[in-house]
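Examination of the molecular architecture
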Amino acid sequence: MNKERKASVLVVEDETSLREALKLNLELEGYEVTTADNGPIVLKLVKSEYFDLIILDIMLPDMDGITVCETIRMLHNDVPILFLSAR
């Protein structure tokens, strides 16, 4: 039986309840979901794993989402990034 690969999404949100809600809803829609709560973890994950999409909070501890995005682009990674913000 041929099994299709699920699209992989990285959800980056420091607020636990929102991060878990996004993860649950995306998994219910059939996505493979990885989560992170800060920029340095995101950069490690992006270097070692492939993602079809990153949902990225702008306001993060340690490193803001804009800096995370810029750093990902400097790695020549063209993964689509959707910004999430309370602003």
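Refer to the structure printed above.
The following paragraphs examine the structure supplied in this document. (Residues numbered from 1 in each chain as written. Predicted model: local features only at pLDDT ≥ 70, side-chain atom pairs only at ≥ 80, totals over all residues. Heavy atoms only, no water.)

This paragraph deals with the packing of helix H2 (residues 39-48) against helix H3 (residues 65-74). In the contact formed by H2 and H3, the axes pass within 10 Å of each other and the chain directions differ by 20°. By the angle between their axes, H2 is roughly parallel relative to H3. When you trace H2 past H3, the crossing you get is right-handed. Contacts from Gly39, Val42, Leu43 and Val46 in H2 reach Val68, Thr71 and Ile72 in H3. Grouping the constituent residues of the contact of H2 with H3 by class yields 5 nonpolar, 2 polar and no charged. (Axes fitted to C-alpha atoms, helices over the stretch in contact; angles between N-to-C directions. Helix = DSSP H or I, 4+ residues; strand = E, 2+ residues; numbered from the N terminus. Parallel < 35°, antiparallel > 145°, perpendicular 65-115°, else oblique. Left-handed = near helix turned anticlockwise from the far one by under 90°. Contact = heavy atoms within 4.5 Å. Nonpolar A, V, L, I, M, F, W, Y, C, P; charged D, E, K, R; others polar.)

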